[in-house]
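Spelled out, the chains give:
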Amino acid sequence: MSLLLRRSFVNPSSISITKALSITSLQKCGLATVSDKPFTISSPPPAPYANVNTKPPKAALKLRSGEVFHGTSFGANIPVSGEIVFTTSVVGYPESMTDPSYRGQILVFTQPLIGNYGVPGLFKDQYGLLKYFESDRIQCEAIVVNDYATRYSHWTAVESLGEWCSRHGVPAITGVDTRAIVHILRDQGSTLSKLIVGDDAANENFNKIPYTDPNTRNLVSEVSTAVPVSYNPYGDIKIAVVDCGVKHNILRSLVKRGAAVTVLPWNFDFNKISDQFDGIFISNGPGNPTKAMETVSNLRKAMNSYKRPMFGICMGNLLMGMAAGLDVRKLRFGNRAHNVPALNMVNGKCQITSQNHGYALVDDKFPPSWKKYYVNVNDGSNEGIIHKTLPYRSVQFHPEAKGGPEDTEFLFDEFIDQIRSEKVKREGTKFFVPETIDHRTAQVA
Amino acid sequence: MYNNFIRSPSPVRRVSSILLSRVQTSIPRVSRGFHKTTTSTTRRILTPSITTTPFQNSCVTPSLGAFTSPYLRSFRPTTARISYHFYNTSAVQHQEESAHKKVIDETRDLIFADVPKVDVKKVLVVGSGGLSIGQAGEFDYSGSQAIKALRESGVSTILVNPNIATIQTSHALADSVYFLPVTVEYLTHILERERPDGILLTFGGQTGLNVGIKLEQMGVLKRLGIKVLGTPIRTLEVSEDRALFADALKEIDIPVAQSTAVSTIDDALAAADKIGYPIIVRSAFALGGLGSGFANNPEELHSLAAKSLSLSPQILVEKSMKGWKEVEYEVVRDAANNCITVCNMENFDPLGIHTGDSIVVAPSQTLSDEEYHMLRTAAIKIIRHLGVVGECNVQYALNPESLEYKVIEVNARLSRSSALASKATGYPLAFVAAKIALGHTLPELHNAVTKTTTACFEPSLDYIVTKIPRWDLSKFQHVNREIGSSMKSVGEVMAIGRTFEESLQKAIRQVDPSFKGFQSLPFPDLDKSLTVPTDRRLFAVGHAMLEKNYTIDQIHNLTKIDKWFLYKLGNIVNVEHDIKHAEKLENVSKELLQEAKKKGFSDAQIAAMLNTNEDQVRKVRKEYGITPFTKKIDTLAAEFPANTNYLYTTYNASTHDVKFDDHGTMVLGSGVYRIGSSVEFDWCGVSAIRALRDLGLKTLMVNYNPETVSTDFDECDRLYFEELSYERVMDIYEQEAARGVIVSVGGQLPQNIALRMHQNEVNILGTSPVSIDKAEDRFKFSQILDQIGVDQPEWKELSSAEEAEKFADKVGYPVLVRPSYVLSGAAMNVCHTREALHENLSEATSVSPLHPVVITKFISPAAEIDVDAVAYKGKVLVHAVSEHVENAGVHSGDATLVLPPRDINDHTMARLKEIAQKVAKAFEITGPFNMQIIKKDNPDGESELKVIECNLRASRSFPFVSKVLGTNFIDVATKALCDKNVPEPVDLMAEKKDYQAVKVPQFSWTRLQGADPFLGVEMASTGEVACFGKDKYEAYWSAIQSTQNFRVPKIGGGILVGRDDLTNNDDFITVASALSKDLGHPLYTSSPKVTEYLAQNNIKATTLALPENDKKALHQVFENNNIDFVFNLAQLRASQTTDENYIARRSAVDFGIPLVNDSKCAVLFVEAVKRKRQESSSQAPGEHPSEVKSWSEFIGGKFC
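First things first, this report covers the structure right here in the doc.

The rules behind each value
- Residue numbers here run from 1 along each chain, matching the order of that chain's written sequence.
- The lettering of chains begins at A and the numbering of ligands begins at 1, in the order of writing.
- Local features are withheld for residues below a pLDDT of 70 in this predicted model, meaning they are given only at 70 or higher, and side-chain atom pairs are given and counted only at 80 or more; totals for whole chains, interfaces and linings count all residues.
- Only hydrogens and water are removed before side-chain values are computed, so all heavy atoms of the structure are retained for them.
- Strands here mean DSSP runs of E at least two residues long; helices mean DSSP runs of H or I at least four residues long; both are numbered from the N terminus.
- A simple rule labels every residue: compare its accessible area, found with a 1.4 Å probe on the protein chains alone, to the largest value its type can have, and call it buried under 20%, exposed over 50%, or partly exposed in between.
- Contacts: residue pairs with any heavy atoms within 4.5 Å of one another.
- What sets the accessible areas is the Shrake-Rupley method with a 1.4 Å probe; for residues, cover comes only from the shown protein chains.
- In this analysis, strands are considered paired if DSSP registers two or more bridges between them.
- Helix axes use the C-alpha atoms of the stretch in contact, all axes being lines fitted to C-alpha atoms, and the angles between their N-to-C directions lie in the range 0 to 180 degrees.
- When a carboxyl oxygen of Asp or Glu is within 4 Å of a side-chain nitrogen of Lys or Arg, the pair counts as a salt bridge.
- For the purposes of these results, a polar contact is taken to be a pair of N or O atoms within 3.5 Å, where, inside protein, one atom must be able to donate a hydrogen and its partner to accept one; residues adjacent in sequence count only when each atom of the pair is a side-chain atom.
- The nonpolar core is taken to be a set of buried Ala, Val, Leu, Ile, Met, Phe, Trp, Tyr and Cys residues, with the residues joined through side-chain atoms within 4.5 Å.

**Focus: the overall build of chain A**
The number of helices and strands found in chain A is 11 helices and 21 strands. Among the 445 residues that make up chain A, the fraction classed as buried is 67%. Contacts in chain A between residues at least 24 apart in sequence constitute 75% of all its contacts with a sequence separation of at least 6. Taken as a whole, chain A presents about 14800 Å² of accessible surface, with 52% of it coming from carbon and sulfur.

Structure below.
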C-alpha cells in the first residue's frame, strides 16, 4: 500500500494538467493548498521486500567530457541535450527555471534539497504580469538535483516540482552528486551534456540523441516577444523594453514605479519611434550575445543620437557594451548565483547581487566616453558600464532579483528618477507621481 | 570636530530620533555623507527622516563627489592598509595574486574614502563568564576569534573572563588576562589600571553587553576616554530595550510583534485585555528569554507577570503567534554601510519555543524566494537603521499562510545563533566582526576559506545542517520538562548532511548516543506530548509515526510543525518499515541498504531492526562497497577552488573532495556540552591539537559541537565535523589511514568506544584501552587497588533489597546507592537511614539480578581531594592536588576547588603523590588521569585516604590546574602520548606559591523552573569560574562573585538561614554568629526549631512563615523583611516541593536573591566577607582591591 502510494507521487504518468488546474481554481477561492496526500505508515509494506519495479524510472546524465551520473527521474520522460551550467542559489527554483536566460541549458542546482515548497499557480497581477514566474514556461532544458522532495508544503503551491516539469516536458534527475559536477565544470569549464530517462538510462544508451550546443543558435530570437506588447499604458513616463528574454520582474519593477512599458521584439529598430519613449531598457537574455548583432547596431545608433536614459541588465549590459565598442568573452563556467559581490566603482560600495550569465564584457580598455560602473570582487570580471556624460548605463547582474537579493533594486529607482528628471528638463512641466510606488524598495543601499 | 568624526566607528546614514536621543551621553556619534545620486521625490515627502552628517553645514552636496572627496582621504593614509590573511591556517596559502586582491588594490581609495579608521593600540575584550543555560561555550569561540583578529592587526588585548576552562583565557591569544568577575565594579578597576583605548563589548554574550551599557551609563568609559569598538552603545541600548526597539522599527515600517511595556501586574492585565489572549510575556535585559512565558487567561498572566517582574523591572506583554514559522538571519554590516546576510536558519519547531531550545535547520527549507528575500531585505534595513557595526542577529515570526511577518528580536552582538551560523557556513563571523570593529570593510577582507575571494559575499550551502539542543532535564528533581519561550537546554549539536533525513538522524545520535536515530519513545498521553512541547517531542512524533500510525495531517494539527519536515520524517519511517520487512540482513538488497545510509541510518540502527549486530551490518555494507564520501564545507558550493580542511561525510555523493595522504593524528573531541562535560574538554582537545602541531605532526579533529573552538577549522589540519560514534570514527580512521587516535582528552564519550577500536586494530595512543576498561569496571578496578595496597571505601554489588540492607547494616550508614536501572529521579542517592534505603530501593529502582545496585559505604564527614596527573609509561610526570571546600558527597563537578592547598600537611601530600604513582604504574598509564580521594582525618594518627573514583583520561579540572600551576598538563600528556620530547618528571606541588586559586561551580537554577537548588552526588552545575587571590578567602571572594546572579550581601540586609538535622552544628553556628554578630545582619528562619536552636546559642533570629503555594505572598514575605541573602545549609534532599528548605532555596533563585547551600562554603564565604569588609574600610580612595591583578602577575609569567 505504502509503496504504491509513494510511487504515485513520482510517477509522471499519473499527473494531469486538469488536476493542477482544479487546484488553481480552488486557490482562487482563497483556500491555501498544500500537498495533503495520505501518509501511509499505518500498513506494513507488502511482502517480501522486492520493489524494484515500483521504483521511479531511472535517469542518467552524461557530460561531453565523459563523466556519467546516475539517478532517478522526477520530470518528463524525454531525452534532452544542452549546455550544462550550475547555480549556487539557495532558494528560488521556480524563478530560475522560468528565467529565459537559462534557455537551452541543463541547470544543476547546488542547493541540495529541491522541490520543498512546490510550485505556485499561474496567477497574474494587476498589470497582467505573472505573479510567481519570470516567463510563462520552464525555460531550461532539464534540471539536475541532489535530493528532490516528492511531497511539498507551501501556501502558494499548487503542484509539485516534478508535476510541473512533467507538464512542461522538462526532464529532471535527482540523486546526483551535484557537487561533483560543479567540480568538473569549475575545473574544465562549461561543457555540453545529455540527460536520458528510463531504460536507456539504465543501459547508458546515450547515443539516441546528439549533443546540441545552444550557443550556436540565436536563443534571443527564441525567447523574445514576436510583437510589441504594452503594460500599464497610462504611466507618466514611457519606457521601451528591448526584449532579449526579459524576466517578468523587470517589467514589474518598471510598472510598479509608474512607468508605461512597451515590450519590443529584440531586433525591433526602436530608433524609428524612440521619440515616443522617455527611456530605453535592454533586457536580459540567453546565449551568445554575438547572435544579437542587430540589437547592437540599433543600440549603436541610439547611443549617438538618443540622449534620453538607457539602462541595460545582463544581456543588456553585454549588448550595450558591444555597442559602445567593447568585446565580449565567454566565461569559463559563468556566474550563476545569488551571492556575488559587485563593487560600485563610483562610490566604493559593495553589493550582493543575483547573477546568471555565461559571457562578460572585456573591460581592460574603455572607449573614451565610457567607464567601469561595477566590478565583480571575486573574479574581477565586468559587472557594468556607465557613460561619462550621458544617462546611459548597464549592469551585468540582476537588480530585479527573483530570485536573489534585492539590494540593487534601487537601480530601478535611479533609472526611473533619471527618466523623470530628464523629462522635466525636456518638457519643463510637472508630472504626477502615481501612488503605486513601492516605498519598501525605494531605500538606497 | 573632524577628529571625532574620523575616529567614530559608526557612521549612520539615517538616524532615528530614538537612536539620536541621549546621543550626548554616548560616544560622539556622527554619520557619513551617504547620499543617493537621485532621491525619489515622494519618499522625501512621505518619510521624513533626520539625517545627521557633519557636512550638513559645510559641504553638503548630494552628489557622488562627496564619496571621493580628497579632503576626506587626507585623513587616512592608504598605505596603512594591508590585506589580511586568516590567522594561522595550515592550509596552503594562495600562490598567485588573486582577482580579489587585484580588485581591492585598484579600488582601495574608493573603498576606504568613506570609512573611519579606528586608531587603537590596546583593547579590552569583555568575556562572558561561567557557562550557564543561555550563555554557553559559543562565547569562548567568538571571543577567541575576536582576539585572533585583534592580534593579527597588531592590537594588544586584555581579556576579562573568570571562565578558566576557556581557550580564550590563554596567553597564546590575549596579551593580558584577568580572571575576575565581569561586573561593573571589577571592570572599572581593570580599566583604570590598564587604560586601554578601546573596548569590545559584543563578544561576551548578554553579560558583556549589560556590563558595557552600565559602564557607559555610569560615565566610566567617557571619563577614561575609552572608545567602544563596533556597534555603538546607543544601538545596543535600543536593541535591548524592547519598547525603544519597537519604536525604532516602526520608523522604518518594519512590523514588530505588538507589545506593551509594563512594570506592574495590573498594567500587564490591562494591556493583555487590549491585545487579546493568548499572550506572551517577555522580560527586557534578560539572558535567553529568562522570565518569559505564555498565558492563555488572566489567571495565568497574573502568576507569570509576578514571576517575570521579580526578575526584571519591566516586562513586555505581546500577542502570541503560536504556530508561525520562526526564521533567523545573521547579518553583518561594516562602517561603510556594506551589508551581507551570512546565513538564514529556520526552526523545525514553530514559534513559541525559544530558538535556543528549538531544532533548527540552515539554510531555511520551506521559504520561497519571495519570503526569503523579503525577510533578508528587512534584516539589512533594520541593521542599517539601528547602526550596527559588526554582527547582528534578527529573528522573525512568519505567518505560514501569507507574507505577514513580525520581528521578534534583534541581538546586536555575537550570539549562540551566530556561532551556529559560523559553523554551519564556514564563514568566521566573529573574526570578521572584530575586524570591522577595527574599521575594516567587508570588501577588503578575504574569505577565510578560499583566501582568493572577498569576505563580502553570502555563503551558499550545498548541504543542510540540523541543530538539536541537549537538555539534561532528567538530572534535576521537580523540574518542569516543558519547553517554551525561556531557554532550558545546556548544549547543542550540529549535524551536516546532504539530505534532511541524513543530517537529522546524525544530530539525534550526537545529542545522545543512546538514541540510534529517529525513533519512538513511550508517551502515556501522546496527543498532549505532541501539543505541549517538551524536551522529547521529536520522539513523540516518532511514536505517533512508528507506533500509532498517525497521519501527517494529524501530527501537523497537533504540533504545527511544517508538513515538509513531517514528510521527510515520513521518508525515514518508510525506509525503516522496508528494512524491518526484510527481517534478515541477508534479505536487505544493496539498493535498500544504500537508501538507508542516504537517509542517515547508522549501522547499529539497521542492526537493531534486523536482530543482528553493528559489526555484521558494517561488514555487509563494506562488501557492497557502500562507504561514506568526504566533502568540504567551503562557503560557496564548490564554485571556487578552496583549500579548506573543514570536512563532513555523506552517503549522498559519488566522489571525495579530498585526498587522504595526511596520515594525521586523530583527536576525538568531547561532543555535546552537557552537565558534566563542557568547555573544559574543548580546552583539552584544542591544547592537544596545538601540542601535536608543535611536535610537527598533522592533526585531525573529530567533533560536532558548534559552540566550540576545537571545531574552528583553523585549529587543526583537518576538521571532521562528524559523529563520535564507533561507526563514523572508524570510517574516518580507515579512510585517512590515521597514524593514531587520542581518546583521552575529550571526556567520557571517546573513551566509550576506545576498547572496540582497540579490538579492531586501531592505534589508540597512550594508556591501553584494556587498562581503561579495567579502571571503569568496578570489580577489576577494586581488585587492582587491593593488589597495590591503595584503600577504597567498602562497596558491594547486590541484586536484592534484602542483601542490600544487610550490607548497609554491616558497613554502617550512610551509604551511597547507585542503581544500574533507574525508574525516576536522580540516579545516585545517599541514604542516611535504613528506612531511607528501603524507600529508595523499593520506589525509585527495581533491584533484581538483572538490575543490581551498587552500595558503597559513604564516609562522612570527610574531605575530598582531586588529583589530576599525567604519566608516561606508568611513571607520573606532573600532578596537581586540589582540595574540595565542600565535604565528600558533593559531586566533584559541583565542588569548590582550592589550589594549591594550604590545609593538607606535607606528609599527606606525599602519600597522595604515592597513590598517584602506584595507580599510574598499576594501569601502565601513559597520558592524563584523574582521581578523587576521600580524606578522613583521625584525631590520633594519620588521615585515611580512600580512592573513590579514577578516570584514565583528562578530567574537567585539567584547565584549572594547568592555568593555576602554569604548566599545561595536556601539553605534557600529548608529548607522552606521542612518545616525543617527553619532559622529565617534576613535582609541581613542592613549589610553594604566594597565591591560591579557587574554582567555583556555576549553576543555572533560574532557568530550571522548579528544580531544587541542592547539591548532591549527582552533578547539577553547568559551568565554572575561577579566580586568584593572595589566599583562598580573597580568591573565593571574587570567584563567587563571578557566578551569575550572585552578589555579596548588602550591609544591613536581612538574611534567611536554614538547616536540617544533618547540618553540621559548628558550621551553622559559625555562619549565623558571624552574620549576625560580626556583620550585623538581621537573621530570619523558616522554622521555630531553627530559631530556637539559634537562641540557645545566643543568636537572635526571627521566624517567618513561608507560604507554600502562593508565590506572590511568598514574595511579599521576602520584601517585607528585606531578605537580601539566603543561607540554606540543609543536608537532605527535599522529597516534596512543600519542604521548607526547598521553598527557601527555590525562592532565593526565583526572586533573584543569592543563595549559599553548603555549610563549608558558607563558612568560607562569611570569613571572606569579614576580611574584605575590613580591608575595604582601610583602603585609600582610588586604590584597587588586592585581587585586581592580571593572571601573569599572580603566577609570575606568561603561559599558554
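**A look at the side chain of Gln418(A)**
When you line up the elements, Gln418(A) lands in helix H11 (residues 410–427). If we ignore the near neighbours within four places in the chain, the residues touching Gln418(A) are Pro309(A), Pro391(A) and Arg393(A).

**Digging into the sheet that holds strand E7 (residues 142–144) of chain A**
Residues and elements named next belong to chain A. The sheet built from 7 strands closes into a barrel, its strands ordered E1-E2-E10-E7-E4-E3-E11 with mixed pairing. Strand-to-strand twist in this sheet, taken as the mean axis angle between neighbours without regard to direction, amounts to 35°. Bridge count for strand E2 (residues 68–73) against strand E10 (residues 172–174) is 2 bridges, and the pairing is antiparallel. Bridged to Thr72 within E10 is Thr174. On top of the sheet, helix H5 (residues 178–188) reaches strand E1 (58–63), E2, strand E3 (80–87), strand E4 (105–109), E7 and strand E11 (191–197); it is set at about 95° to E3, its chief contact.

**A short note on the pattern of salt bridges**
For side chains of opposite charge, pairing can occur when their charged atoms come near one another. Residue and element names in this part refer to chain B. If you walk through the whole model with that rule in mind, you get 101 salt bridges over all chains. For Arg911, the salt bridge goes to Glu942, with nearest N and O atoms at 3.8 Å. Highlighted residues: Arg911 in helix H33 (residues 906–922) and Glu942 in the loop between strand E30 (927–936) and strand E31 (944–951), separated in sequence by 31 residues.

**Some details on the environment of Ser354(A)**
Residue and element names in this part refer to chain A. Looking at where Ser354 falls in the secondary structure, it is placed in strand E18 (residues 350–362). In this structure, the C-alpha to C-alpha distance between Ser354 and Asn339, residues 15 residues apart in sequence, is 6.4 Å. Once you skip the residues sitting within four places of it in the chain, Ser354 turns out to touch Ala337, His338, Phe397, His398, Ala401, Gly403, Gly404 and Pro405. Within polar-contact distance, the side chain of Ser354 engages the backbone oxygen of Gly403 at 2.7 Å.

**Details of the environment of Pro1082(B)**
Residue and element names in this part refer to chain B. Here Pro1082 shows up in the loop between helix H37 (1065–1078) and strand E35 (1083–1085). Taking relative accessible area as the criterion, Pro1082 reaches 35% and is therefore assigned partly exposed. As a C-alpha pair, Pro1082 and Ala1072 span 10 residues in sequence and 10.0 Å in three-dimensional space. Apart from the residues within four sequence positions on either side, Pro1082 is in contact with Gly1052, Gly1053, Gly1054 and Ile1055.

**A word on the nonpolar core**
Counting residues in each nonpolar core, the largest one holds 223 residues, and the members touching the most others are Met757(B) and Phe929(B). With near-sequence residues (within four places) excluded, Met757(B) lies in contact with Leu668(B), Tyr726(B), Val729(B), Met730(B), Val741(B), Val743(B), Val762(B) and Ile764(B). Core analysis: the next-biggest nonpolar cluster, separate from the first, contains 118 residues, Trp164(A), Tyr405(B), Val885(B) and Ile1099(B) among them.

**So, the pairing of strand E17 (residues 327–344) of chain A**
Residues and elements named next belong to chain A. Of all 18 residues that make up E17, 13 are buried, and the element is covered over most of its length. Two strands pair when backbone bridges link them, and E17 and E18 are joined in this way by 11 bridges, in the antiparallel orientation. Among the inter-strand pairings, Asn335 is bridged to a residue of E18, identified as His357. Linking E17 to E18, which pair antiparallel, is a turn of 5 residues; within it Gly348 sits at a positive phi near 80°. Where E17 lies against strand E19 (residues 370–376), 3 bridges are found, and the strand directions are antiparallel. Bridged to Ala342 within E19 is Asn376.

Keep in mind these numbers describe shape, not what the thing actually does.
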